[in-house]
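So the chains spell out like this:
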Amino acid sequence: MTRTSTLNTDSALAASSVTKTTYASYTSGSGTPTNPYVLASNSGTITLKPGAWYVLPDNVSIGTVVTSEYNSSGSTGGINVNGAHLEIKTYAHVAGKIDMGTTGSILVLDNTSGKWSYQANMAGEDLSAGGDNLFTYPSLQNATLTNLDTKGTGIVTCDIPNGIGNTIGIAAHSSNSSQLVLRSGGKIDGGIPVNSYPSNPHGNNVVGGTIGLPVTAPPNNCTVPYYVDPNNPCQVNICFLAGSMIMTRSGEKAVETLVEGDDIAVLAGGETTYRPLVWLGRSHANVAELDFDQDAYPVRIGKGAFGPGLPTQDLLVTSEHGVYVDGGFVPVRMLVNDRSVSIERSITEYDYYHVELADHGVILSNGLPTESYLDTGNRGTFQNSVIRAMRPHFAGGMVIASGKSWEQDAAAPLVTDRETVEPIWKRLNERADELGLPEAPQTGASTSDPALRLVTEDGREIRPVQQIGNVYSFMVPAEIETVRIVSRTFRPSLVTGPFCDDRRDLGVLVGDIAITSARSREVLTSHLTPDEHDGWHGYEGPTARWTNGAAVVVLGVANSAAVTRMVEIEMLGAGSYQVVESQNDARVA
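- Per an unreviewed UniProt entry, the protein chain goes by Hedgehog/Intein (Hint) domain-containing protein and derives from Acetobacter nitrogenifigens DSM 23921 = NBRC 105050.

In structure tokens form, the structure reads like this:
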């Protein structure tokens, strides 16, 4: 049975003119997270009920596909999400526009098929020629997302091969259509599995290209507003640990005891004002589940670390939490001196909370000015968020929120440049001297030897047969077509100091790679192109590229007459590698 519901939107000033909104037809469900409305097919545009939960099931279609020259940008109909929560299943289909223009609109996208579809609706494309290798969710092949700049909306993108890319954002495509890039295909193992299409009737694995979402953002406004931090292998929210005392109108309260409506003290313009608590986010972290990464541990800010009463007692926060210093928010991880500000390695599992106000602000925690919560896209990682409630197994996806940004909505700038942070770090050290705190413990032994070697796909290690200057030579059996360049790794923020914001795990800086076989010599250059490559950090120029300690190199098929090949690797840079006896000095995937 198909049902509909209506909302009376008449006003007292126009009681005689009653306007009714007809919401989408559904076949079952009650609109709750555990029992969502199950949508019925509709060839036109449907409107969802604000705050309700919906699912578009497999084999159900919304909108009408209009195709011209293998291009469906003229498709009609679609979905007005209208502040509802909508999950679109793998084999459902939407044509036309998906309007995210109402606060609270949440879109969850599934793809359990393992294959992706050409973006047929990109204006100006003729997909009979294969398009530009732009791919999207099968359910959205003929749909376009609109109004992504609405605050308080979000998209949960699930099932992306190898996860979301390091930097995602809107890229201009043509005069009137764009693409929200999720992942470059260059890093997807084996290429992108593609659904069949007239230009590609059998489907295959496409090398290169991108997986993304077609959007209507105009090219002249195509900045990159959505980010995943490429230098942060551990994504822990910016939060307070339980017991942190937040100043309110009625005095200090433990953060975990705050309730919506509590008046929170906010520093603004040199004065203290009060703003109501809008939301208290809460979640749980287990350091072991985050591979014991340094940034997964909480940070302890000692009593008086920033000055008398700053803070009034030790304060525990997550490593990304911003402390308000000199007019900006500095992530506390950049101020660690192992004296007054230290990584608390004794705490390996903890609850954490965050305080959200209507606007980002400077609040007092244990008397120290710190930041309130700014939703830049991670709300879904809190256990009590509506997104997490809708999708309990949220870890498989990521929220791309079109809500707030540091550039436009922050109460003060986010400060991470070394020129600004290092002097603050030095002042904290001087303050630690005043407090009579002991010097920071010495780090362990280090070496400049990267322990460079090659590792084959079946785990065999190949050590260099010679090293002349900065060129390492390896004898590789002819049957080996792929190897990894394996080495020790170092993190610049640990070697230079925490005030250096480069938290990448770096192996070696590789220049030329040459292969000599049966009197022929070939120079490999693929690692020196802007494409993403497994085990290589981001492109920084055409002459060299950093590995992450286990970088893949495709040698290709050897000459039939060859028994072995000489592989020469030019190492243009290395680091100071910490020697840890109990830990493997390299990462082999």
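**Thoughts on the nonpolar core**
Part 1 of the reasoning: Counting residues in each nonpolar core, the largest one holds 43 residues, and the members touching the most others are Leu 48, Ile 88, Ile 98 and Leu 140.
Part 2 of the reasoning: If you list the elements that add at least two residues to this core, you get strand 4 (37–39), strand 6 (53–56), strand 9 (85–88), strand 10 (93–99), strand 11 (106–109), strand 14 (142–146), strand 17 (177–184) and strand 20 (210–215).
Part 3 of the reasoning: No other element matches the 3 residues that strand 20 contributes to this core.
Part 4 of the reasoning: In this structure Leu 140 touches Ile 88, Val 94, Ile 98, Leu 109, Leu 145, Leu 213 and Pro 214, once residues within four positions along its chain are discounted.
Part 5 of the reasoning: Counting residues in each nonpolar core, the second largest holds 42 residues, with Val 266, Leu 280, Val 325 and Val 415 among its members.

**A word on the environment of Thr 257**
Part 1 of the reasoning: Secondary-structure assignment places Thr 257 in the loop between strand 23 (251–254) and strand 24 (263–268).
Part 2 of the reasoning: Residue Thr 257 is classed as partly exposed on the basis of its relative accessible area of 49%.
Part 3 of the reasoning: Between the C-alpha atom of Thr 257 and that of Leu 280, which follows or precedes it by 23 residues, the distance is 9.5 Å.
Part 4 of the reasoning: A distance of 2.7 Å separates the side chain of Thr 257 from the backbone oxygen of Ala 254, its partner in a polar contact.

**Digging into empty space enclosed by the protein**
Part 1 of the reasoning: Tallied over the entire structure, the rule returns 2 cavities of 30 Å³ or more.
Part 2 of the reasoning: If you add up the space inside the largest cavity, you get close to 130 Å³.
Part 3 of the reasoning: Looking at the largest cavity, it is lined by 13 residues, and the ones nearest its centre are Gln 294, Asp 295, Arg 333, Ser 493 and Arg 503.
Part 4 of the reasoning: Partitioned by chemical class, the residues of the lining of the largest cavity number 6 nonpolar, 3 polar and 4 charged.

**A short note on the sheet that holds strand 45 (residues 550–554)**
Part 1 of the reasoning: One open sheet accounts for 4 strands, arranged 38-37-41-45; its pairing is antiparallel. A strand with exactly one partner marks an edge of an open sheet, and here the two such strands are strand 38 (461–462) and strand 45.

**Some details on the pattern of salt bridges**
Part 1 of the reasoning: In the structure shown here, the tally under the stated rule is 25 salt bridges.
Part 2 of the reasoning: One salt bridge in this structure joins Arg 339 and Asp 433, with 2.8 Å as the shortest N-O distance. Of this pair, Arg 339 sits in the loop between strand 30 (328–331) and strand 31 (341–343) while Asp 433 sits in helix 3 (residues 418–434), placing them 94 residues apart in sequence.
Part 3 of the reasoning: Overall, the relative accessible area of 13% leaves Arg 339 in the buried class.
Part 4 of the reasoning: When the shortest N-O distance is used, the salt bridge between Glu 461 and Arg 453 registers 3.7 Å.
Part 5 of the reasoning: Among the charged side chains, a network of salt bridges with common partners joins Asp 295, Glu 320, Arg 333, Asp 501 and Arg 503.

**Let's talk about a negative patch on the surface**
Part 1 of the reasoning: Together, Glu 256, Glu 289, Glu 349 and Asp 351 make up a negatively charged patch on the protein surface.
Part 2 of the reasoning: Assignment of secondary structure puts Glu 256 in the loop between strand 23 and strand 24.

**A few points about unusual backbone geometry**
Part 1 of the reasoning: Residues Leu 310 and Pro 311 are joined by a peptide bond in cis, for which omega reads -5 degrees.
Part 2 of the reasoning: Within the secondary structure, Pro 311 is located in the loop between strand 27 (299–301) and strand 28 (315–317).
Part 3 of the reasoning: Within the chain, Asn 82 stands out as a residue other than glycine whose phi angle is a positive 60 degrees.
Part 4 of the reasoning: Within the element layout of this structure, Asn 82 appears in the loop between strand 8 (78–80) and strand 9.
Part 5 of the reasoning: In this structure Asn 82 comes out as buried when scored by relative accessible area, which is 14%.
Part 6 of the reasoning: One non-glycine residue, Asp 326, lies in the positive phi region at around 50 degrees.
Part 7 of the reasoning: Note that Asp 326 resides in the loop between strand 29 (322–325) and strand 30.

Rules used in this analysis
Residues numbered from 1 in each chain as written. Predicted model: local features only at pLDDT ≥ 70, side-chain atom pairs only at ≥ 80, totals over all residues. Heavy atoms only, no water. Core = buried A, V, L, I, M, F, W, Y, C linked by side-chain atoms within 4.5 Å. Buried < 20%, exposed > 50% of the residue type's maximum accessible area, 1.4 Å probe, protein only. Helix = DSSP H or I, 4+ residues; strand = E, 2+ residues; numbered from the N terminus. Contact = heavy atoms within 4.5 Å. Polar contact = N/O pair within 3.5 Å; in protein donor to acceptor, adjacent residues only side chain to side chain. 1 Å grid on protein atoms, 1.4 Å probe; cavity = no way out; pocket = protein on both sides within 12 Å on 5 of 7 lines; lining within 4 Å. Points joined across faces, edges and corners; volume = space filled by probe spheres on them. Nonpolar A, V, L, I, M, F, W, Y, C, P; charged D, E, K, R; others polar. Pairing = 2+ DSSP bridges. Salt bridge = Lys/Arg side-chain N within 4 Å of Asp/Glu carboxyl O. Patch = residues over 30% accessible without salt bridge, like charges linked within 9 Å, V, L, I, M, F, W, Y side chains within 5 Å. Areas by Shrake-Rupley, 256 points an atom, 1.4 Å probe, with all protein chains shown as cover. Lys, Arg positive; Asp, Glu negative; His and termini not counted. Charge placed at Lys NZ, Arg CZ, Asp CG, Glu CD.

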